[in-house]
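Each chain, letter by letter, is given below.
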Amino acid sequence: MKNKNLFLVAVATITSSLFVSCTSSSQKVENADANVTEAKQELAEAKSDYIAEMVIFKQETNEKIAANELVIADLKSKMSKVKKDEKAAYIEQIAVLEKKNTDLKIRMENYNEDGNDKWESFKREFNHDMDELGKSLNDLTVDNEN
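1. Observations regarding the overall build of the protein
Logical step 1: Helix and strand content of the protein: four helices and zero strands.
Logical step 2: Written out in order from the N terminus, the α and β elements of the protein read α-α-α-α.
Logical step 3: The long-range fraction of contacts in the protein, counting pairs at least 24 apart against all pairs at least 6 apart in sequence, stands at 74%.
Logical step 4: Counting only carbon and sulfur atoms, one obtains 56% of the accessible surface of the protein, whose full area is about 11000 Å².

Shown next as structure tokens:
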């Protein structure tokens, strides 16, 4: 009899522990709703950060492109100082650099929001192309001054 009572007390204790520790289905739904709301808020913040970064990058890029346009205009104005036998090559080099600068400008203007991964890839490639153009402009400026 003593074992039977002990057994019943143990079963009752375990059963009541299970009921107390388990959350109700309505509590689970509330927790899930809270998690979804939090996830949506984090997603909205991430998208806002992404768009803000994109706007800043576009502004910085437009400034670099405008600076490149000034360098190209300066190179064109110095065309009269270039030797006659080098003038055709010089004009062609300026035209190529001007086209690259224009292409970069168009590429930046036409970029659409494609997600953060594609944005990072685009930004890396774009910065590389922009750096290459800057080096080419600098090289042409140095060659012209000699």
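2. A short note on the nonpolar core
Logical step 1: The biggest cluster of nonpolar side chains holds 21 residues, and the ones touching the most others in it are Tyr90, Ile94, Trp119 and Phe126.
Logical step 2: Those elements that provide at least two residues to this core are α2 (25–77), α3 (84–110) and α4 (116–145).
Logical step 3: With sequence-adjacent residues up to four places away left out, Phe126 is seen in contact with Phe57, Thr61, Leu104, Arg107 and Met108.

3. Quick word on the packing of aromatic side chains
Logical step 1: As enumerated under the stated definition, the model contains seven aromatic pairs in all.
Logical step 2: With a centroid separation of 6.4 Å and 85° between ring planes, the pair formed by Tyr50 and Trp119 is classed as edge-to-face. Taken together, the positions of Tyr50 in helix α2 and Trp119 in helix α4 put the pair 69 residues apart, joining distant regions of the chain.
Logical step 3: Taken together, Tyr50, Phe57, Tyr111, Trp119, Phe122 and Phe126 form an aromatic cluster joined through their ring pairs.

4. Notes on the confidence of the model for the protein
Logical step 1: Residues of the protein with pLDDT of at least 70 account for 82%, and the chain-wide mean is 83.
Logical step 2: Highest mean pLDDT in the protein belongs to α3 (92); lowest belongs to helix α1 (residues 2–21) (64).

5. Side note on α2
Logical step 1: Taking 1.5 Å per residue, 53 residues should reach 78 Å; α2 reaches 77 Å between its end C-alpha atoms and fits that length.
Logical step 2: When α2 is considered as a whole, its buried residues turn out to be Tyr50, Met54, Phe57, Thr61, Ile65, Asn68, Ile72 and Leu75.

6. Looking at the side chain of Thr61
Logical step 1: Structurally, Thr61 can be placed in helix α2.
Logical step 2: A distance of 2.8 Å separates a polar atom in the side chain of Thr61 from the backbone oxygen of Phe57.
Logical step 3: Ignoring anything within four residues of it in the chain, the contact list for Thr61 reads Met108, Phe126 and Met130.

Calculation criteria
- Residues numbered from 1 in each chain as written.
- Predicted model: local features only at pLDDT ≥ 70, side-chain atom pairs only at ≥ 80, totals over all residues.
- Heavy atoms only, no water.
- Helix = DSSP H or I, 4+ residues; strand = E, 2+ residues; numbered from the N terminus.
- Contact = heavy atoms within 4.5 Å.
- Areas by Shrake-Rupley, 256 points an atom, 1.4 Å probe, with all protein chains shown as cover.
- Core = buried A, V, L, I, M, F, W, Y, C linked by side-chain atoms within 4.5 Å.
- Buried < 20%, exposed > 50% of the residue type's maximum accessible area, 1.4 Å probe, protein only.
- Phe/Tyr/Trp six-rings, centres within 6.5 Å; stacked < 30°, edge-to-face > 60°.
- pLDDT = per-residue confidence, 0-100.
- Expected span 1.5 Å × (residues − 1).
- Polar contact = N/O pair within 3.5 Å; in protein donor to acceptor, adjacent residues only side chain to side chain.

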